Amino acid sequence: MAFDKKLTKIRNIGIIAHIDAGKTTVTERILYYTGRVHKIGEVHNGEATMDWMPDEKERGITITSAVTTCKWRNHNINIIDTPGHVDFTVEVERSLRVLDGAVGVFCAVGGVEPQSETVWHQADNYNVPKIAFVNKMDRIGADFHMVVEMIKDRLGAYPLVLQLPWGAESDFKGIIDILKMKVIVWDEESMGAKFTELPLPSEMEEEAKQYREMLLETIAERDDVIMEEYLADKEISMNELKRAIRSATINSDLVPVLCGSALKNKGIQPLLDSIVDFLPSPVDVPPIAGTIPGTDNKKTFPADPKGDLAALAFKVAMDAGRKTTYLRIYSGSVKVGDTVYNSAKGIKEKFSRLLRMHSNKRERIEQACAGDIVASMGLKRTTTGDTLCNENNPVLLEPIWFNEPVINVALEAKRVQDQEKLLDSLAKLAEEDPTFRFRVDDDTGQTIISGMGELHIEILVSRLKNEFFVETNQGKPQVVYRETIKKPVEHEEVFKREIGGALHFAGVKIMLDPLPRGSANTFVNKSNNPDVPKEFISAVKEGITEAERSGIIMGYPVIDIGTTLLDIYMKEESDAMAFKIVSSMAFKNACQKAEPLLLEPIMRVEVTLPEQFMGEVINDLNARQGKIEQISAKGNVQTITAMVPLSKMFGYSTALRSVSQGRATFAMQFSHYDNV
């Protein structure tokens, strides 16, 4: 297939990692050395370009994914810097959905940390090719080889070492390039902008040769051309090697591993070279596939600016009340003023502005085409996960799936007159963030907000104050439980009632089965009456789905239940409304007979601490009903992995600081639901 040459010069990449591995610092250096910014902004000074929100500057962490564009070796690199904290995985999820490649940043001391694992597997789910950058080689305890082993063991990846560190900790001088067999050192006076390639130092020669041999063997196993030359003892050209590494990286067979220290301005230019050399362009990844609306028929859209439009809205941001929608354009082109079709909602939308984003700064553009990641204004009803296309050739791209919130907090405006403004502001925040929900409780009249964790809720409350000028009082966080059943049960239900002077009749026989945790709910129709209209079956399914949402014990959503429709009874006075009502009643009554259970969220907690505090920390976790799963040594620190109910984890950061004299850290992520 012929393709636009310009597309081969585009790289859409994400920077992914655990919190504090140095993602934003790496991105800042990339922007500086590509000439996108003229001053390096440091995270610890609250001056990072990509951390533009007041809360990000204040806390020194990334909260929202930021998009920027830069140029290197005549290539356009679109970068999304993603958060590393578990409470903001929504930002990583939606970014990875639209990216072609990713750079995983690992701390040379911490190695593969819990959130690195999560985001890496998220990237695997979307088949995103990756390269690894081992950062912080200048820190005490830095161990490059340990990180490479952890990438292999914990991530199930095959690391291909392209660079070795020359020295470590305070002796970190530069890097050994295994492909060129040269050492690269950076000039400190130029802030790392200038670097020199020198012959290999004698003390590193032997190790470099070993790694060069391993690299050639690994590539030869995966590439027939290299294999022939390798077996014939021929000199393999640099271009051939890079072509083979690129091919293996794009197929996710290998992960090139680089190293450096972003804070000390070492290792960034070779990382940029590797992004250009090894990560895919829009034409190197398979064409985006979607379904034709209203059918199960699949359709693919190659990356072609002249093709039919296929674009995915992956993020919505509210800035001073104005809505900005971020888009990845997979095929076709759009211009300012174009009217497009939102196939998810069946509506037309108009582009009033197109913008190229540089963090929170905007640059107006007139046109965007396949391969671009841009923002637009004027899309009034488009939300995260919607597809934009041509009305005469519609397509529905796979939407983005998000985790359900696990924490509830009651919220009220400090001033009565701000209550309406509070609800309006919450609606804007909910449009931005699919993992944030809010509702007004019918019984108590309280406003309940739901999020992914304590920090998530804290940030949202802070944004209400800073961006929307609404001050609030909060209740204590409450856990969002789930409900399920213990045993299988069959149940028949008949509905016969006169409503509005007309008789309504419907009857169903259903079977409920408990499913393994994490299976989600299923619905199967096994009624074999050919005369039943399709809308009655749809009404039964709708009624059951509604009943699943409203719960059976305490009103929490029901999970992991398989519902089978065994039979359906109808008469002349049967209609869809009656079947919706009877199926909802049948489901609730069947659940009562099936021994309903309450489930609570269980978190995977990983605590990193000096050995002398092990006893106190384990005792504290046991007191919180935690189950210790693993204790492992990582250098001179210990790592405890435990499963703990979320309800027992509120305020844990304060408790951990007090039992460890502030020297322990922890990371927490949702694992599964289990019996209370």
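Residues numbered from 1 in each chain as written. Predicted model: local features only at pLDDT ≥ 70, side-chain atom pairs only at ≥ 80, totals over all residues. Heavy atoms only, no water.

Right, let's talk about the overall build of the protein chain for a bit. For the protein chain, the count of helices and strands is 15 helices and 38 strands. Radius of gyration (C-alpha) of the protein chain: 28 Å, near the 26 Å computed for a compact globule of 676 residues. Dimensions of the protein chain, computed from the C-alpha atoms along their principal axes, are close to 95 × 65 × 60 Å. Per-residue burial over the protein chain gives 54% buried out of 676 residues. Carbon together with sulfur atoms contributes 48% to the accessible area of the protein chain, which is approximately 30000 Å² in total. With 81 positive and 97 negative side-chain charges, the protein chain shows a spacing of 4 Å between the two charge centroids. (Helix = DSSP H or I, 4+ residues; strand = E, 2+ residues; numbered from the N terminus. Rg over C-alpha atoms; globule rule 2.2 N^0.38 Å. Buried < 20%, exposed > 50% of the residue type's maximum accessible area, 1.4 Å probe, protein only. Areas by Shrake-Rupley, 256 points an atom, 1.4 Å probe, with all protein chains shown as cover. Lys, Arg positive; Asp, Glu negative; His and termini not counted. Charge placed at Lys NZ, Arg CZ, Asp CG, Glu CD.)

Right, let's get into the packing of aromatic side chains. For the coordinates displayed, the defined rule picks out seven aromatic pairs. The aromatic ring of Trp120 is capped on one face by Lys130, whose charged end is 5.0 Å from the ring centroid. (Phe/Tyr/Trp six-rings, centres within 6.5 Å; stacked < 30°, edge-to-face > 60°. Lys NZ or Arg CZ within 6 Å of the ring centre and 35° of its normal.)

As a further point, take the nonpolar core. Grouped together as the largest cluster of nonpolar side chains are 73 residues, with contacts concentrated most on Ile30, Ile77, Val103, Phe144, Ile176, Leu215 and Leu271. Top element by residues in this core is helix 6 (residues 202-222). It accounts for seven residues. In this structure, Leu215 is in contact with Leu160, Val161, Leu162, Ile178, Leu179 and Leu241, ignoring residues within four places of it in sequence. Counting 40 residues, the second-largest nonpolar core is a separate cluster that includes Ala413, Ile457, Leu621 and Ile640. (Core = buried A, V, L, I, M, F, W, Y, C linked by side-chain atoms within 4.5 Å. Contact = heavy atoms within 4.5 Å.)

Turning next to the sheet that holds strand 12 (residues 288-291). Reading across from one edge, 13-12-24 is the order of the three strands in this open sheet, with antiparallel pairing throughout. Of all strands in the sheet, those with a lone pairing partner are strand 13 (298-301) and strand 24 (396-397), marking the two edges. Here strand 12 pairs with strand 13 via four bridges, running antiparallel. Each bridged residue has a counterpart across the sheet, and for Ile288 the counterpart in strand 13 is Phe301. (Pairing = 2+ DSSP bridges.)

If charged atoms from side chains of opposite charge come close, those side chains can pair. Under the definition given, this model contains 30 salt bridges. One salt bridge connects Arg415 with Asp418, and the closest N-O pair in it is separated by 3.2 Å. Take Arg415: its relative accessible area is 46%, and that puts it in the partly exposed class. Where salt bridges share partners, they join Arg73, Lys242, Asp273 and Asp277 into one cluster. (Salt bridge = Lys/Arg side-chain N within 4 Å of Asp/Glu carboxyl O.)

A few words now on the pairing of strand 27 (residues 447-451). By the criterion of burial, strand 27 is predominantly enclosed, with five of the five residues buried. The alternating pattern of strand 27 places Thr447, Ile449 and Gly451 on one face and Ile448 and Ser450 on the opposite face, and all of these are buried. Judged from the five bridges that link them, strand 25 (residues 407-413) and strand 27 form a sheet pairing that is antiparallel. Along strand 27, the bridge assignment pairs Leu411 with Thr447.

Next up on the list: the environment of Ser237. Positionally, Ser237 belongs in the loop between helix 7 (224-231) and helix 8 (238-250). Taking relative accessible area as the criterion, Ser237 reaches 37% and is therefore assigned partly exposed. Sequence-wise, Ser237 and Ile226 are 11 residues apart; in three dimensions their C-alpha atoms are separated by 9.6 Å.

A word on the environment of Leu396. With respect to the helices, strands and loops of the structure, Leu396 is situated in strand 24. When the C-alpha positions of Leu396 and Thr249 are compared, they lie 29 Å apart, and in sequence the two are 147 residues distant. In this structure, Leu396 is in contact with Gly290, Thr291, Pro293, Ser343, Ala344 and Thr387, ignoring residues within four places of it in sequence.

With that out of the way, let us pick up the sheet that holds strand 1 (residues 10-16). Across the sheet, seven strands lie side by side as 2-3-1-4-5-11-6; this open sheet has mixed pairing. Unpaired on one side and paired on the other, strand 2 (66-72) and strand 6 (159-161) mark the two borders of the sheet. Here the average twist between neighbouring strands, direction ignored, is 30 degrees. (Axes fitted to C-alpha atoms, helices over the stretch in contact; angles between N-to-C directions.)

Model confidence for the protein chain is summarised by a mean pLDDT of 88, while 94% of its residues fall at 70 or above. Looking over the protein chain, one finds the lowest element-wise mean pLDDT in helix 2 (residues 54-59), namely 56, and the highest in strand 11 (residues 255-259), namely 98. (pLDDT = per-residue confidence, 0-100.)

Burial in helix 14 (residues 614-623) covers these residues: Met614, Val617, Ile618, Asp620 and Leu621. Buried residues of helix 14, seen end-on, are gathered within an arc of 160 degrees and therefore sit on one face of the element. More than 90 degrees from the buried face of helix 14, the exposed residues found are Asn619 and Ala623. Gln625 lies just past helix 14 and shows a positive phi near 65 degrees. (Arc of directions from axis to C-beta.)

Another point: unusual backbone geometry. Note: most peptide bonds trans; most residues except glycine with negative phi. Non-glycine residue Arg73 carries a positive phi angle of around 50 degrees. Along the chain, Arg73 turns up in the loop between strand 2 and strand 3 (75-81). At Met191, a position not held by glycine, the phi torsion is positive, near 60 degrees. Topologically, Met191 is positioned in the loop between strand 9 (182-186) and strand 10 (195-198). In this structure Met191 comes out as partly exposed when scored by relative accessible area, which is 38%.

On inspection of all chains with the given rule, the structure shows zero disulfides. Counting only cysteine sulfurs, Cys369 is the nearest neighbor of Cys70, a cysteine outside any disulfide, at a range of 18 Å. Left without a disulfide partner, Cys369 is nearest to the cysteine sulfur of Cys389, which lies 18 Å away. The partly exposed category is assigned to Cys369, whose relative accessible area is 24%. (Disulfide = S-S within 2.5 Å.)

Attention now moves to the packing of helix 8 against helix 9 (residues 268-278). Put simply, helix 8 and helix 9 touch, their axes get as near as 9 Å, and they point 75 degrees apart. Classified by the angle their axes make, helix 8 and helix 9 are roughly perpendicular. Counting all contacts with helix 8, which are made through Lys242, Ile245, Arg246, Thr249 and Ile250, the residues of helix 9 involved are Val276, Asp277 and Phe278. Grouping the constituent residues of the contact of helix 8 with helix 9 by class yields four nonpolar, one polar and three charged. (Parallel < 35°, antiparallel > 145°, perpendicular 65-115°, else oblique. Nonpolar A, V, L, I, M, F, W, Y, C, P; charged D, E, K, R; others polar.)

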